[in-house]
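Listed here are the chains, written in short residue letters.
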Amino acid sequence: MPVIDRKTVLSGIRVVEAMRRRLVQLPRLAAAEQAVRFTIKYKVNALLIHETHGAPAGVVSKTDLMGAYYAGLPLQTPVEAIMVAPPLFCRADDSLEKALETMRTNRVHRLYVLDPGGEETVGVLAYPDIVGMLYRLCHKCDRSLTRIRRRKDGASDCFRVAEVMSPSAFSACEADSLATVMEGLSAHRFGAALIRDLEGVPTGVISKSDLMMAYRHGVPTDTPSGQVMSRPVRACEEGSELAVAIKHMVYSDIQRMFVFKGDPQNIVGTLSLSDA
């Protein structure tokens, strides 16, 4: 029986080609306030936590910090109390396919990258890094949307948002408390909540970044979500070309969009970089 060598767009690509080389990290005795500040300052979703002698000890994500906020932990709580250990690693010379499978299997959004010898942490690999690299790669491809549209004989057979989106979205009312929003985000494993007014019209979004800002400024968790939400609601139509939606997310530096069907008020799902 012949051996079938299945190739994908990831075949032959190594982790080193997609990873970020800047590591944002803190010692395990650093305060949660510093972790919140670093996630905001460096626009990252997680921090690598290390021992006093520099060895990796764990990871603190925005989800962990949201849990600390919900639990009422003071900002001076050491990050070692909320970190997840141990960190998960891949190597710079691993295939991107292998790293992505590790992320899927362990249901994580990032891996820390070791040098080929496995001795030093040299970077981090997360979904935004992979999507950004693939967007640049596929944009140069002969089958890219730009090239297809230049042809006289070709209609695009591209993916649509509806084919890969998550067909659900968590929403809350402007009057609901931040605690209620955090409970919903945690239960549904979403990164952001759609906020609606009393008539059900989408008016804003509360992301984990918004919650980090509220935590840092000491906003009580019983505060109505309408006072903290961000505007506008970034959304796309379910029939939109996936490549166009990805381009919008990459260039706007956002990790998810809400998806509507027909009417922009009719939100039917979400599209995240993880879906992409």
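Just above sits the structure.
Quick caveat: nothing in here was measured; it's all calculated off a predicted structure. (Residues numbered from 1 in each chain as written. Predicted model: local features only at pLDDT ≥ 70, side-chain atom pairs only at ≥ 80, totals over all residues. Heavy atoms only, no water.)

> In this structure, what is going on with the overall build of the chain? I would like to understand it.
Helix and strand counts for the chain stand at 9 helices and 12 strands. Considering the chain as a whole, with its 276 residues, one finds that 43% of them fall into the buried category. Counting only contacts in the chain whose residues sit at least 6 apart along the sequence, the fraction spanning at least 24 positions is 59%. Accessible surface, the chain: about 14,900 Å² in total, of which carbon and sulfur atoms supply 51%. (Helix = DSSP H or I, 4+ residues; strand = E, 2+ residues; numbered from the N terminus. Buried < 20%, exposed > 50% of the residue type's maximum accessible area, 1.4 Å probe, protein only. Contact = heavy atoms within 4.5 Å. Areas by Shrake-Rupley, 256 points an atom, 1.4 Å probe, with all protein chains shown as cover.)

> Looking at this structure, I do not really get the pattern of salt bridges. What am I missing?
What the rule picks out here adds up to 8 salt bridges. As a salt-bridge pair, R37 and E33 come within 3.3 Å of each other at their nearest N and O atoms. Within this pair, R37 and its partner E33 are both found in helix α1 (residues 32-41), separated by 4 residues, close to a single helical turn. For R37, a relative accessible area of 29% translates into the label partly exposed. Note that R104 and E101 form a salt bridge whose closest N and O atoms lie 3.1 Å from each other. (Salt bridge = Lys/Arg side-chain N within 4 Å of Asp/Glu carboxyl O.)

> Can you walk me through the environment of R20 in this structure?
Position of R20 among the secondary structure elements: in the segment before β1 (25-27). Of the residues examined, R20 reaches a relative accessible area of 33% and is grouped as partly exposed. A sequence separation of 109 residues divides R20 from D129, and the C-alpha atoms of the two residues are 7.0 Å apart. Within the structure, R20 has its side chain in polar contact with the side chain of D129 (distance 2.8 Å). (Polar contact = N/O pair within 3.5 Å; in protein donor to acceptor, adjacent residues only side chain to side chain.)

> How do you make sense of the packing of helix α2 (residues 62-71) against helix α7 (residues 178-188) when you look at a structure like this?
For any two helices packed against each other, the geometry comes down to the angle between their axes and how far apart the axes lie. Here α2 crosses α7 at 140°, and the two axes come no closer than 10 Å. Comparing their axes, α7 and α2 come out oblique. When the axes of α2 and α7 are compared, the crossing they make is left-handed. Seen from α2, the contacting residues are M66, Y69 and Y70; seen from α7, they are L178, A179, M182, E183, L185 and S186. (Axes fitted to C-alpha atoms, helices over the stretch in contact; angles between N-to-C directions. Parallel < 35°, antiparallel > 145°, perpendicular 65-115°, else oblique. Left-handed = near helix turned anticlockwise from the far one by under 90°.)

> Looking at this model, I keep getting lost on the packing of aromatic side chains. Mind explaining?
Applying the stated rule across the entire model yields 2 aromatic pairs. Relative to Y215, the ring of Y69 lies with its centre 4.9 Å away and its plane at 20°, an arrangement referred to as stacked. Highlighted residues: Y69 in helix α2 and Y215 in helix α8 (residues 208-216), separated in sequence by 146 residues. Just as Y69 is buried, Y215 falls in that class too. (Phe/Tyr/Trp six-rings, centres within 6.5 Å; stacked < 30°, edge-to-face > 60°.)

> What's the story with the nonpolar core in this structure? I'm lost.
Taken as a class, soluble globular proteins show a tendency for nonpolar side chains to be buried jointly. Core analysis: the largest hydrophobic core is formed by 36 residues, its most contacted members being L47, L65, L178, V181, L185, I206 and L211. Of all the secondary structure elements, the ones that give two or more residues to this core are α1, β2 (46-50), β3 (56-61), α2, α7, β8 (192-196) and α8. Setting aside residues up to four positions removed in sequence, L65 forms contacts with A32, A35, V36, T39, V60, I82, M212 and Y215. In terms of nonpolar packing, the next biggest core, distinct from the first, is built from 17 residues, V15, A92, M103 and Y127 among them. (Core = buried A, V, L, I, M, F, W, Y, C linked by side-chain atoms within 4.5 Å.)

> I would appreciate a short explanation of the pairing of strand β9 (residues 202-207) in the present structure.
Two faces belong to every sheet, and in a regular strand the side chains alternate between them. In terms of burial, β9 is a largely internal element, 6 of the 6 residues being buried. For β8 and β9, the ladder comprises 5 bridges, and the chain directions are antiparallel. Counterpart to A192 in the pairing with β9 is S207. The hairpin formed by β8 and β9 contains 5 residues between the paired strands, and G200 there has a positive phi angle of roughly 85°. (Pairing = 2+ DSSP bridges.)

> I would appreciate a short explanation of the sheet that holds strand β5 (residues 110-114) in the present structure.
What links the strands of a sheet is backbone hydrogen bonding, and the strands pair in either a parallel or an antiparallel sense. Reading across the sheet, the 3 strands line up as β4-β5-β6 and stay open at both edges, with mixed pairing between neighbours. Taken across any chain shown, the strands that pair with only one partner, and hence form the sheet edges, are β4 (89-91) and β6 (121-126). Mean inter-strand twist for the sheet, computed between neighbouring axes without regard to direction, equals 35°.

> Before we go on, may I ask you to explain the sheet that holds β3 in this structure?
Ordered by their spatial adjacency, 3 strands build an open sheet running β1-β2-β3, and the pairing between neighbours is mixed. This sheet does not close on itself; its edge strands, each paired only once, are β1 and β3. If you compare each strand with its neighbour and ignore which way they point, the axes differ by 30° on average. Pairing of β1 with β2, which is carried by 3 bridges, proceeds in the parallel orientation. Residue pairing in the sheet places P27 in a bridge with H50 of β2. Lying over the sheet, α1 contacts β1 and β2, oriented at roughly 170° with respect to β1.

> I'm lost on unusual backbone geometry in this one. Help?
Peptide bonds are mostly trans, and most non-glycine residues show a negative phi. Of note, the bond from A85 into P86 is cis; its omega dihedral lies within 30 degrees of zero at -5°. Counting through the fold element by element, P86 comes out in the loop between α2 and β4. Omega for the bond connecting R231 with P232 falls within 30 degrees of zero, at -5°, which places this linkage in the cis form. Relative to the assigned elements, P232 resides in the loop between α8 and β10 (235-237). The backbone of R189 shows a phi angle near 60°, a positive value even though the residue is not glycine.

In short, shape yes, function no, at least from these values alone.
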